[in-house]
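# Inside the fold
The primary structure of each chain is shown beneath.
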Amino acid sequence: DAGVIQSPRHEVTEMGQEVTLRCKPISGHNSLFWYRQTMMRGLELLIYFNNNVPIDDSGMPEDRFSAKMPNASFSTLKIQPSEPRDSAVYFCASSLASLYNEQFFGPGTRLTVL
Amino acid sequence: KNQVEQSPQSLIILEGKNCTLQCNYTVSPFSNLRWYKQDTGRGPVSLTIMTFSENTKSNGRYTATLDADTKQSSLHITASQLSDSASYICVVSASGGSYIPTFGRGTSLIVHP
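Residues numbered from 1 in each chain as written. Chains lettered and ligands numbered in written order. Predicted model: local features only at pLDDT ≥ 70, side-chain atom pairs only at ≥ 80, totals over all residues. Heavy atoms only, no water.

Right, let's get into the side chain of B:S31. All names here are of chain B. Tracing the backbone through its elements, the reader meets S31 in strand β4 (residues 30-38). Assessed through its relative accessible area of 9%, S31 is described here as buried. A distance of 3.2 Å separates polar atoms of two side chains, one belonging to S31 and the other to N32. (Helix = DSSP H or I, 4+ residues; strand = E, 2+ residues; numbered from the N terminus. Buried < 20%, exposed > 50% of the residue type's maximum accessible area, 1.4 Å probe, protein only. Polar contact = N/O pair within 3.5 Å; in protein donor to acceptor, adjacent residues only side chain to side chain.)

Structure representation (structure tokens):
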């Protein structure tokens, strides 16, 4: 298995532009997580899907952020409009929804908003 | 509120030396605790998992301990190598059906030759 796949790996955009981050979870995993990581705040959970359904989106900072999971093999995180303070590394992780829920992380997308 | 606190925030050691990283948590009811290693530019990777009944677990040169009474865990690295330079993140999960773990801020370890 190729592991969790994220694209793009790097994204540089200007303030006000729309940004879409993509994630393909590990086949067979039924839970998917989007995280944001910054030096100041560490890893922050943005949203969690179980069986393609959003379960907890309380970590989504504001309405500019939205996430979808149209099927078990694909998810997107969209920021519209983007702002410089959105600059961070965004990780997608997947897991089996089990008691020992190890999360397998993708390589991350480094987003820079100018 | 569930919280995970890690110390030290950063650590610099010489190659070959041992070190210990600390994790204190207030997550309740406790299910399990994981230590993740995150290399620069990569996503975190799980090193060990510990449940309530486990006190010690080893993975090569990494040894994790858990004291469920005091809600503390440590990660001991023996005979450090340059490749151990990374961030080490303590993650605690609660029981009761929630699959959302609580992450610590991590300890940044630098191993110098």
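Moving on from the coordinates now.
Take the interface of chain B and chain A next. Opposite the 19 residues of chain B that make contact, chain A presents 23 residues. Taking both sides of the interface into account, the surface hidden between chain B and chain A amounts to around 1700 Å²; carbon and sulfur atoms contribute 55%. Linking chain B with chain A are one salt bridge. One salt bridge in this structure joins B:R34 and A:E102, with 3.9 Å as the shortest N-O distance. Linking chain B with chain A are four residue pairs in polar contact (both at pLDDT 80 or more). (Contact = heavy atoms within 4.5 Å. Buried area = accessible area lost by both parts, 1.4 Å probe. Salt bridge = Lys/Arg side-chain N within 4 Å of Asp/Glu carboxyl O.)

Inspection of the entire model under this criterion finds 10 aromatic pairs over all chains. Their ring planes at 35 degrees and their centres at 5.4 Å tell us that A:Y35 and A:F105 sit as a pair that is tilted. On the criterion of sequence distance, the pair formed by A:Y35 in strand β4 (residues 31-38) and A:F105 in strand β10 (residues 104-105) is long-range, its members being 70 residues apart. Assessed through its relative accessible area of 12%, A:F105 is described here as buried. Ring centres of A:F105 and B:F103 lie 6.3 Å apart, and the angle between their planes is 85 degrees; this geometry places the pair in the edge-to-face category. On the criterion of chain membership, the pair formed by A:F105 in strand β10 and B:F103 in strand β10 (residues 102-103) is interchain, its members lying in two chains. Side by side, A:F105 and B:F103 carry an identical accessibility label, which is buried. What links up through ring pairs into an aromatic cluster is the set A:F33, A:Y35, A:Y48, A:F91, A:F105, B:Y36 and B:F103. (Phe/Tyr/Trp six-rings, centres within 6.5 Å; stacked < 30°, edge-to-face > 60°.)

A word on the environment of B:G41. Secondary-structure assignment places B:G41 in the loop between β4 and β5 (45-51). For B:G41, a relative accessible area of 47% corresponds to the partly exposed category. Put simply, B:G41 and B:A86 are 45 residues apart on the chain and 10.0 Å apart in space, counted from C-alpha to C-alpha. Setting aside residues no more than four positions away along its own chain, B:G41 makes contact with A:R9 and A:P107.

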